[in-house]
Amino acid sequence: MDAKKIIAICQSGGEFVTNVDGSLSYNGGDAYAIDIDQQTLLSDFKSEVAELFNCSADIMSIKYFLPGNRRTLITISKDKDLQRMVNFLGDSSTVDVFLLLKDVAACNVSNISASRSSRTTVSEAVIPVEAPIDVAVDMAHTVGGFDMDLSNGDPISCIPIGVIDDKQRKAAQQWENTITGVDQRFNSFTEFREALHKYSIAHGFAYRYKKNDSHRVSVKCKTQGCPWRIYASRLSTTQLICIKKMNPNHTCEGAAVKAGYRSTRGWVGSIIKEKLKVSPNYKPKDIADDIKREYGIQLNYSQAWRAKEIAREQLQGSYKEAYNQLPFFCEKIKETNPGSIATFSTKDDSSFHRLFVSFHASISGFDQGCRPLIFLDSIPLNSKYQGTLLAATAADADDGIFPIAFSVVDAETEDNWLWFLLELKSAVSASRQITFVADFQNGLKKSLAEIFDKCYHSYCLRRLAEKLNKDLKGQFSHEARRFMVNDFYAAAYAPRLEGFQRSVENIKGISPEAYNWVVQSEPEHWANAFFGGARYDHMTSNFGQQFYNWISEAHELPITQMVDALRGKMMEAIYTRRVESNQWKTKLTPSKEEKLEKEMSIARSLQVLLSHGSTFEVRGESVDVVDIDHWDCSCKGWQLTGLPCCHAVAVFECIGRSPYDYCSRYFTTESYCLSYAESIQPVPNVDRPVQGELTEAGVIVTPPPTKRPPGRPKTKQAESTDIIKRQLQCSKCKGLGHNKKTCKES
């Protein structure tokens, strides 16, 4: 028996449920496996369990069931109890062990019969609790996880205990006995400081440290002349911390008159953690109001916001550890979604550099059903370690957003865009000539030409207009710049050369300098009159707005959870769209069907004249020539959109042909269904991978050196067609950029 090993499956955080036959089941919570034998000491076992569950060994109660008896819990309170458990198991190699924290034992097992090996009483197993259940459960999950470094925490103002109502007093009274006096022992100085902190809140006084180091802690009441003192140091030959001296008496009348107590962001975070789990949008203002009402502690907005950040990290896991999970996470994506691409790279110091993800369902859906049109854009991330998300999206047959791939990078640089495009090329098929709608800066112009040698690069019209406005700012009035930008858009959308020239001549009439800017901005990359690729009337790179909204909902999560949240959104969208499209009975998708019907309505008023062979003349407000064999109309509407224009539809009706036969195949319901034929599969254990799986990866990834700057994060503003903000104009001198009050000529 000495050599017999038992695997103890330690469980905590769940609750016992009584079954119909009187047996007990344990539901929920977390579980860890620990090897034990007859030589295992209870103190060592408790220490290992406490480390796994991030709690104090002093407040835990360990219980187990006898083989074949699921009605009675046996308590382990000393080494012999642990040895008896190993003996009782016989040939069994595992045992379920339940960790009950003493503050919540009554909540979990108040209706359960309890036993203790050889000497058992119900009162020993069930510990009564006076505090409300919700408060007790909260403390059970936060003990040992507080940020108790008072030197780094801002002091939080308090309300005198005399003006705190009964409800507020009751919320803190659960901590009145966290310090009991001389000879009380703690596992660490952190645990002692935490207990002292709670004790001061419950008794309503402020304190300050005289000595506070790794060997001793000496504390006195903050009020001058008050005799309250406490001194703790390490117990000789052990790792335990023991209170050696204490004067529990106050002469300062406590906080009833003037004294206050201090708190830290970590303490507040631990208090609000459970509520944040239920209400993720718990606002800092509401946090401050609740803490004031329940504990009498006054927080400002900044303190409440930082406390929420700490609580969120406690719930979601460490942002730092999430980077180290990337090797495991990428392997899981490829394992659960075969054919997917998930890769990352680090810098020389092992810090995170970039991550690329493209799911097989996206790769297949783009190749099978989407038009060869890709939008490239970037979105700044406001997470703890900042970074940027690079995205490649497409348009499905109903002009919906179809995410192809995305990448999280440490910064938007030319090198990172080049890496992203190289990975993207391995994902998309090279059999089609792709049109990219993207910015012309950050090295994209050069990178796209190098990697996709036969692609078309359409400059994002929005970015061009912003640059035009920026370059002209200060030279022209608001009204003049507004006319120039409007003419610039008109030049871009003009389908024919004469329309483009007319618009740029209007710009030249306002400013020859602006005219030169437009002519030198490579119109072949943005003007319909010159562009050779197929954009299907999409001129800006911010097409994937819905995808960017998903990111804004998840950007505050640790990196692996953020990526998995995006995966979940994509998975849900694919399923929803597949189900919806099964109900469609038309040949084209609903939005394209509607556009074609509008063209058919206009076509009824047009006159068609046969010119030669497949060429027809169509008369209406203008005279246009249609060549049905080459899918061409002189108005250029057919070529630009992929749908027959009203002139072509008039010809089809005249000669008895169906306009549906002349629509791009990328607008059909069949293509839409092909886009969403494949599914994205769940990726399990993203937030809580098994430790063994992490070590198998063998690659260490640390967070990037970037940190979130101070202040409230800036959110990406909704795009506006009017990119020009009105400038101040002085009513006295008519100058720009100031008003009459600040005019220097006055």
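In case you missed it, the structure is sitting above this.
Everything in this summary refers to the structure shown in the same document.

The rules behind these values
Throughout this document, residue positions are counted from 1 along each chain, in the order its sequence is written. Totals for whole chains, interfaces and linings use every residue, but because this is a predicted model, local features are given only for residues with pLDDT of at least 70 and side-chain atom pairs only at 80 or more, for both listing and counting. Excluding hydrogens and water, the side-chain values take into account all heavy atoms of the structure. Elements are defined by DSSP. Helices are runs of H or I of four residues or more, strands are runs of E of two residues or more, and each kind is numbered from the N terminus. Between buried and exposed lies partly exposed: a residue is buried under 20% and exposed over 50% of the maximum accessible area for its type, with that area taken using a 1.4 Å probe on protein chains only. All tallies of charge rest on Lys and Arg as positive and Asp and Glu as negative; His and the ends of each chain are not included. Within this document, salt bridges are pairs made up of a side-chain nitrogen of Lys or Arg and a carboxyl oxygen of Asp or Glu, the two lying within 4 Å of each other. The term polar contact refers here to a pair of N or O atoms within 3.5 Å; inside protein, the definition further demands a hydrogen-donor-capable atom paired with an acceptor-capable atom, and it admits residues adjacent in sequence only when both atoms are side-chain atoms. Residues are treated as being in contact if the distance between any of their heavy atoms lies within 4.5 Å. An axis is simply a line fitted to the C-alpha atoms; with a helix, the fit covers only the stretch in contact. Between two such axes, the angle follows the N-to-C directions and lies from 0 to 180 degrees. An angle below 35 degrees is read as roughly parallel, one above 145 as roughly antiparallel, one from 65 to 115 as roughly perpendicular, and any other as oblique. Left-handed describes a crossing in which the near helix is turned anticlockwise from the far one by less than a right angle; the clockwise case is right-handed. Following the grouping adopted for this structure description, the nonpolar residues are Ala, Val, Leu, Ile, Met, Phe, Trp, Tyr, Cys and Pro, the charged ones are Asp, Glu, Lys and Arg, and the polar ones are all others, Gly among them. Here a Phe, Tyr or Trp ring, Trp counted by its six-membered ring, pairs with any other such ring whose centre lies within 6.5 Å, and the pair is stacked when the planes are under 30 degrees apart, edge-to-face when over 60, and tilted otherwise. A positively charged side chain is recorded as over a ring if its NZ (Lys) or CZ (Arg) lies within 6 Å of the ring centre. The angle to the ring normal must also be within 35 degrees.

## Some details on the side chain of Arg535
Tracing the sequence through the fold places Arg535 in the loop between helix H19 (512-519) and helix H20 (545-554). With no salt bridge to any partner, buried Arg535 finds its closest opposite charge in Asp537, at an N-O distance of 7.4 Å. In this structure the side chain of Arg535 is engaged in a polar contact, spanning 2.7 Å, whose partner is the side chain of Asn528. Those residues in contact with Arg535 that lie beyond four places of it in its chain are Leu373, Thr435, Ser458, His525, Trp526, Ala527 and Asn528.

## Notes on unusual backbone geometry
Even without a glycine there, the phi angle at Gln386 is positive, about 60°. Structurally, Gln386 is set in the loop between strand S16 (373-380) and strand S17 (388-395). The phi torsion at Trp631 lies on the positive side, around 50°, for a residue other than glycine. On the secondary structure map, Trp631 appears in the loop between strand S23 (623-627) and strand S24 (632-633).

## Brief notes about the packing of helix H16 (residues 461-472) against helix H17 (residues 478-493)
At a minimum axis separation of 10 Å, H16 and H17 run at an interaxial angle of 150°. As judged from the angle between their axes, H16 and H17 are roughly antiparallel. In the crossing of H16 with H17, the sense of the turn from one axis to the other is right-handed. The residues of H17 that touch H16, namely those facing Leu461, Arg462, Leu464, Ala465, Leu468, Asn469 and Leu472, are Arg481, Met484, Val485, Phe488, Tyr489, Ala492 and Tyr493. Looking at side-chain class alone, the contact of H16 with H17 contains 11 nonpolar, one polar and two charged residues.

## Overview of the packing of aromatic side chains
By the definition in use, this model includes 36 aromatic pairs. Taking the centre distance of 5.4 Å and the plane angle of 45° together, the rings of Phe440 and Tyr459 count as tilted. Separated by 19 residues along the polypeptide, Phe440 in the loop between strand S19 (435-438) and helix H15 (444-451) and Tyr459 in strand S20 (residues 456-459) bring together distant segments of the chain. Accessibility expressed as a relative area gives 2% for Tyr459, which makes it buried. Seen from their ring centres, Tyr456 and Phe531 are 6.0 Å apart, and the 65° between their planes marks the pair as edge-to-face. Highlighted residues: Tyr456 in strand S20 and Phe531 in the loop between H19 and H20, separated in sequence by 75 residues. Residue Phe531 is classed as buried on the basis of its relative accessible area of 11%. Here a set of aromatic residues connected by ring pairs shows up, and it is made of Phe488, Tyr489, Phe500, Trp517, Trp526 and Phe530. A cation over an aromatic ring shows up here: Arg482 above the ring of Phe483, its NZ or CZ 5.1 Å from the ring centre. The aromatic ring of Tyr515 is capped on one face by Lys508, whose charged end is 4.8 Å from the ring centroid.

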